[in-house]
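Reading the structure
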Amino acid sequence: MDYLTENIDSLNQKLAAGTVSADELLQASLDQIDAHKNLNAWITVDKDAKPDADLDFKASKLAGVPIAIKDNIVTKGLRTTAASHILDNFVPVYDATVIKRLHKAQATIFGKTNMDEFAMGSSNENSYFGLVRNPWNLDHVPGGSSGGSAAAIASGDVVAALGSDTGGSIRQPAAFNGIFGIKPTYGRVSRWGLIAFGSSLDQIGVLTKRVRDAAEVLNVIAGPDDHDATVSERPVPDFTAALGKDVKGLRVAVPKEYMSDAVDADVRAAVQKQIDALQAAGAIINEVTLPYTKYVVPTYYLIASSEASSNLQRYDGIRYGFRAKDTKNLMDVYLKSRSEGFGEEVKRRIMLGSFALSAGYYDAYFMQASRVRTLICRDFDNIFKDNDVIVGPTTTTPAFKIGEEIQDPVKMYNNDILTISANLAGLPAASVPAGLSDDGLPVGFQIMGQRFDEAHVFQTADFIECSNKFYQQKPAGLED
Ligand code: GLN
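What counts as what
- Residues numbered from 1 in each chain as written.
- Predicted model: local features only at pLDDT ≥ 70, side-chain atom pairs only at ≥ 80, totals over all residues.
- Heavy atoms only, no water.
- Helix = DSSP H or I, 4+ residues; strand = E, 2+ residues; numbered from the N terminus.
- Rg over C-alpha atoms; globule rule 2.2 N^0.38 Å.
- Buried < 20%, exposed > 50% of the residue type's maximum accessible area, 1.4 Å probe, protein only.
- Contact = heavy atoms within 4.5 Å.
- Areas by Shrake-Rupley, 256 points an atom, 1.4 Å probe, with all protein chains shown as cover.
- Lys, Arg positive; Asp, Glu negative; His and termini not counted.
- Charge placed at Lys NZ, Arg CZ, Asp CG, Glu CD.
- Near = heavy atom within 4 Å.
- Polar contact = N/O pair within 3.5 Å; in protein donor to acceptor, adjacent residues only side chain to side chain.
- Nonpolar A, V, L, I, M, F, W, Y, C, P; charged D, E, K, R; others polar.
- Expected span 1.5 Å × (residues − 1).
- Pairing = 2+ DSSP bridges.
- Axes fitted to C-alpha atoms, helices over the stretch in contact; angles between N-to-C directions.
- Salt bridge = Lys/Arg side-chain N within 4 Å of Asp/Glu carboxyl O.

A count of helical and extended segments in the protein gives 14 helices and 11 strands. Over its C-alpha trace the protein gives a radius of gyration of 21 Å, about what one expects of a compact globule, namely 23 Å for 480 residues. In terms of overall dimensions, the protein has C-alpha extents of about 70 × 55 × 45 Å along its principal axes. Taken over 480 residues, the protein has a buried fraction of 61%. In the protein, once contacts between residues fewer than 6 apart in sequence are set aside, the share between residues at least 24 apart is 76%. Surface summary for the protein: the accessible area is close to 18,200 Å², and the carbon and sulfur share equals 50%. Side chains of the protein carry 48 positive and 60 negative charges; the gap between the two charge centres is 4 Å.

Of all residues adjacent to the ligand, which total 15 residues, the nearest are T166, G167, S169, Y300 and D416. S122 places a polar side-chain atom, nitrogen or oxygen, 2.8 Å from a nitrogen atom of the ligand. Y300 is positioned such that a nitrogen or oxygen atom in its side chain is 2.6 Å from an oxygen atom of the ligand. Computed on the free molecule, the ligand has an accessible area of 290 Å², of which 99% lies beneath the protein chains in the complex. Its residues assigned to classes, the shell around the ligand comprises 5 nonpolar, 7 polar and 3 charged.

Turning next to the side chain of R188. Looking at the element boundaries, R188 is found in the loop between strand 5 (180–183) and strand 6 (203–208). Residue R188 is classed as buried on the basis of its relative accessible area of 3%. Polar side-chain contacts of R188 include one of 3.3 Å to the backbone oxygen of F452. Non-local contacts of R188, meaning those with residues more than four positions away in its chain, are made with Q203, A222, G223, V231, R234, P235, V236, P237, F239, F452 and E454.

Here helix 11 (residues 363–386) contains 24 residues, and its C-alpha end-to-end distance of 35 Å stays within 8% of the 34 Å for a straight helix at 1.5 Å per residue. Among all positions in helix 11, only F366, A369, V372, R373, I376, C377, D379, F380, I383 and F384 are buried.

Turning next to the sheet that holds strand 10 (residues 429–436). Strands sit in the order 1-3-2-4-6-5-10-11-9-7-8 across an open sheet of 11 strands; the sheet is mixed. For this open sheet the edge positions go to strand 1 (42–45) and strand 8 (284–288), each flanked by a neighbour on one side alone. Neighbouring strand axes in the sheet, compared pairwise and without regard to direction, differ in orientation by 30° on average. Pairing between strand 2 (residues 66–70) and strand 4 (residues 160–165): 3 bridges, direction parallel.

On to the environment of A105, then. Topologically, A105 is positioned in the loop between helix 3 (97–104) and strand 3 (108–113). On the basis of relative accessible area, A105 is assigned to the buried category, the value being 8%. Between the C-alpha atom of A105 and that of R371, which follows or precedes it by 266 residues, the distance is 41 Å.

This brings us to the pattern of salt bridges. Counted under the stated rule, the structure contains 16 salt bridges. A salt bridge links R349 to E345; its shortest N-O distance comes to 2.7 Å. Highlighted residues: R349 and E345, both in helix 10 (residues 344–357), separated by 4 residues, approximately one helical turn. Here R349 matches E345 in class, with each residue buried. Between D381 and R451 there is a salt bridge, and its shortest N-O distance comes to 3.3 Å.

Of all the 8 residues making up strand 11 (residues 442–449), 8 are buried; the element is thus mostly covered by neighbouring parts of the structure. On strand 11, burial covers both faces: P442, G444, Q446 and M448 on one face and V443, F445, I447 and G449 on the other are all buried. With 5 bridges joining them, strand 9 (residues 389–393) and strand 11 adopt antiparallel strand pairing. Considered in strand 11, the bridge of V389 is made with G449. Between strand 10 and strand 11, which follow one another and run antiparallel, lie 5 residues, and G440 among them has a positive phi close to 75°.

This is the structure:
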């Protein structure tokens with residue numbers, strides 16, 4: 001079974017025809033994971049997992065299909081660590097809503113993918129369980145924080161994975177690994193059971209090789225949920241209906257800030273090719289401007305860190321997770337458990353967030369960032385008055401080298417300049433492969449849509465996928 005050339009529909013047909021069984025599919029995933037151990041894409045794999053009994057291949061395309069889950073989404077009975085020492089012995093007693101829905105669709109859930117600790121990072125170097133390698137070049141990072149999910153797809157361990165995206169954590173690793181990734185509209189998918197980072201920004205989404213596969217998984221996990229009041233009651237359309245549609249007349253905005261010198265020339269060239277292809281097919285290309293782009297990084301890092309510092313208060317060594325030894329009193333338990341349990345980057349965010357929320361600085365930092373956030377949202381709303389999608393590069397560079405940026409947090413944060421806005425404004429956004437850089441590393445093409453208009457994002461991504469057929473390429477770092 002070569003998952004690099006399969007997709008959910010092809011697997012479904014083979015399962016229905018009986019040419020392959022769900023047990024064999026699961027075994028194929030386990031074998032692939034074993035063969036790609038050097039990538040370190042997985043934290044926990046349950047070798048005793050079993051596909052559902054009584055699979056109904058007609059009722060569900062996901063029936064019997066193995067799906068990878070980022071390790072910040074809780075899975076009943078399957079260890080969930082958020083790649084942190086503080087949760088490294090945590091076995092949840094319930095399933096996240098998205099997991100319940102995947103189970104209902106009879107997908108096979110058997111393992112958890114590596115990530116940056118608590119989803120904080122852009123390189124997957126912040127994991128307590130070690131870094132992840134990029135299958136296109138093992139000396140490079142896979143991006144983050146959903147680096148494990150992205151590497152698992154790019155190397156063919158599975159055809160679909162769940163990830164989470166607070167400031168780019170699905171799209172940036174998708175771009176770095178030459179695969180597709182979509183963060184739906186804020187409020188499209190329930191966050192119940194997603195280990196919280198920045199609650200006003202977090203959204204669960206899907207990473208796949210093929211655009212259609214992501215639409216099929218999103219069909220299953222999206223929609224209202226009594227456990228999460230931020231999920232919209234709006235009906236969920238069939239996302240596959242947007243695929244294969246003509247892009248003639250599609251109004252495509254290209255912000256000039258996204259194609260500036262700050263973006264590597266080869267990345268820009270690969271992105272421009274896709275824009276030209278859209279234009280040649282009859283899309284209307286409009287150059288636009290997003291003047292607040294220069295403020296998105298500080299705005300995001302203040303808001304995300306503030307929310308994180310509050311969300312992470314619950315890890316105190318008392319209720320669950322790691323507890324430090326040799327403690328003298330209750331305060332000592334809190335102090336030592338948190339000091340020893342959290343990694344460097346998580347502590348940095350807790351300190352930054354606590355500072356930004358503290359009495360004397362709240363107005364100057366958190367409030368101010370919230371105001372700028374509103375202005376950033378307006379920037380986007382204005383563009384969507386006359387456009388269906390906004391496109392550009394997903395990242396300013398292709399995957400950087402392991403160790404290259406980890407010592408310089410500001411440089412690392414600045415990497416996120418192109419992905420963060422979609423989270424601040426709650427927009428659906430995806431990354432689809434555009435081509436290769438001069439160094440043979442994948443380049444991502446980002447597509448953003450108006451809130452709850454995933455349809456235009458899927459339509460555009462599908463067009464790009466069909467026009468450049470990047471999915472036919474195999475990562476150069478994989479052994480034959
Ligand atoms: N790189 C960003 C951060 O570290 C985004 C992470 C994410 O989307 N979870 O905050």
